[in-house]
Amino acid sequence: MPLPDTRPARAAILGALRAGTPPRPLPLPDLQPYRAGPHGRGTQGPRIDPAGLIQPFETAARGWRAEVVHAGTGDWPQALREALDRHRCTRVAIGAASPLQPELDGALAGLQVRRFERALEQWKGELFDGVDAGVTAAAGGIAETGTLLLRTGAAEPRTLSLVPTVHVAVLRASRLYASLPAALQALAPPPDLPSNLLLVSGPSKTADIQQVLAYGAHGPKVLVIVLVHDLDGAAGASS
């Protein structure tokens, strides 16, 4: 038995929809109550001093099992290398144009370094099976949740922080913000939004199986944050 021809009915429905009066645009939501609440901290008035956000950021990040290593503006490459050596990482992937250069090259001297200069399809096997760690810069940090913000793109693709077993991120203390809205307000004006803005809170984790939280299930098992104290009067302490 042949199927009925539904094209006339579909054409009639679509025609009615096209001929209908366009709906009125929804009004923009009033975000003032949210910004004035506890989770909008830092979105109004003068920026909260990042020096006062270092400790809460570290506490929250460690709560997600991230490692936080303190360093100064002159010795962060050494701290980064020590973190890689501590986790026995000898094969490291970095961006094609990392904002951490030229210091990053010095920190990785003697290691097998792979720059993300080719399309992922051309070296996917090597990235998934032959790389121990990915190193990225962090565009910001959220003190409320201990979360990193990563701007991804051609210079530093998102895969660097999603695939290797160890992810090392370099975050400057001057880029700490009290809350997510405060960070987005400062870092992501609409013309400058990347196609992917990653929020990273600790190593990968899942609770899909029996609602038991497990770490390192489908991504980095280790997250190391090298927190660079680039604020006047903010002294770093080894950790």
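In this text the structure is predicted, and so the values were computed from the model without any measurement.

Here the focus is the overall build of the protein chain. The helix and strand tally for the protein chain stands at 8 helices and 12 strands. Its C-alpha radius of gyration of 23 Å places the protein chain more than 25% over the 18 Å reference for a compact globule of 239 residues. The C-alpha extent of the protein chain, read off along each of the three principal axes, is 70 × 50 × 40 Å. Buried residues in the protein chain amount to 40% of all 239 residues. Long-range pairs, those at least 24 residues apart, make up 72% of the contacts in the protein chain between residues at least 6 apart in sequence. In the form shown here, the protein chain has an accessible surface area of approximately 13700 Å², with 56% of it arising from carbon and sulfur atoms. Within the protein chain, one finds 23 positive and 21 negative side-chain charges whose respective centroids are separated by 8 Å.

Attention shifts here to the nonpolar core. In terms of nonpolar packing, the biggest core is built from 25 residues, with W76, L80, L84, L108, V135, V168 and V226 touching the most fellow members. If you list the elements that add at least two residues to this core, you get β1 (67–72), α4 (76–86), β2 (91–95), α5 (103–107), β4 (133–137), β7 (166–172) and β12 (222–229). The biggest single contributor to this core is α4, with 5 residues. Ignoring any residue separated from it by four or fewer positions in sequence, one finds V226 in contact with V69, A71, W76, A79, L80, V168, A169, V170 and L171. Of all hydrophobic cores here, the second largest spans 21 residues; its members include L53, V68, L150 and L176.

For the rest of this paragraph, the subject is the sheet that holds strand β8 (residues 176–177). Taken in spatial order, the 4 strands line up as β8-β5-β6-β9 in an open sheet, and their pairing is mixed. Since the sheet does not close on itself, it has two edges, and those belong to β8 and β9 (197–200), each with one partner. One ladder, built from 3 bridges, connects strand β5 (residues 140–142) with strand β6 (residues 147–151); its direction is antiparallel. Looking at the pairing, G141 lines up with L148 of β6.

This part takes up the pairing of β6. Taking burial as the measure, the 5 residues of β6 include 4 buried ones, the bulk of the element. Taken together, β5 and the strand that follows it, β6, pair antiparallel across an intervening segment of 4 residues, in which G146 is found at a positive phi of about 65 degrees.

Let us look at unusual backbone geometry. Residue P102 is reached from Q101 by a cis peptide bond, and omega for that bond is 5 degrees. Of note, the phi angle at R88 is positive, near 55 degrees, even though the residue is not glycine. The residue R88 is located in the loop between α4 and β2 in this model. According to the relative accessible area criterion, R88 is exposed, its value standing at 75%.

Examined against the element boundaries, H70 turns out to sit in strand β1. Here the side chain of H70 touches E58 through a polar contact of 2.8 Å, side chain to side chain. Of note is the side chain of H70, whose polar atom sits 2.7 Å from the side chain of H229.

Further remarks concern α4. Along α4, the residues that are buried comprise W76, P77, A79, L80, A83 and L84. Taken around the axis of α4, the buried residues stretch over an arc of 165 degrees, which confines them to a single face. The secondary structure elements touched by the buried residues of α4 are β1, β2, α5, β4, β7 and β12. Immediately beyond the C-terminal end of α4, within one or two residues, lies R88, with a positive phi of roughly 55 degrees.

Below, the discussion takes up the pairing of β2. Within β2, 4 of the 5 residues are buried, leaving the element largely enclosed by the surrounding structure. Relative to β4, β2 runs parallel, the two being bridged by 2 bridges. Each residue of the ladder has a partner; that of V92, found in β4, is A133.

About the criteria used
- Residues numbered from 1 in each chain as written.
- Predicted model: local features only at pLDDT ≥ 70, side-chain atom pairs only at ≥ 80, totals over all residues.
- Heavy atoms only, no water.
- Helix = DSSP H or I, 4+ residues; strand = E, 2+ residues; numbered from the N terminus.
- Rg over C-alpha atoms; globule rule 2.2 N^0.38 Å.
- Buried < 20%, exposed > 50% of the residue type's maximum accessible area, 1.4 Å probe, protein only.
- Contact = heavy atoms within 4.5 Å.
- Areas by Shrake-Rupley, 256 points an atom, 1.4 Å probe, with all protein chains shown as cover.
- Lys, Arg positive; Asp, Glu negative; His and termini not counted.
- Charge placed at Lys NZ, Arg CZ, Asp CG, Glu CD.
- Core = buried A, V, L, I, M, F, W, Y, C linked by side-chain atoms within 4.5 Å.
- Pairing = 2+ DSSP bridges.
- Polar contact = N/O pair within 3.5 Å; in protein donor to acceptor, adjacent residues only side chain to side chain.
- Arc of directions from axis to C-beta.

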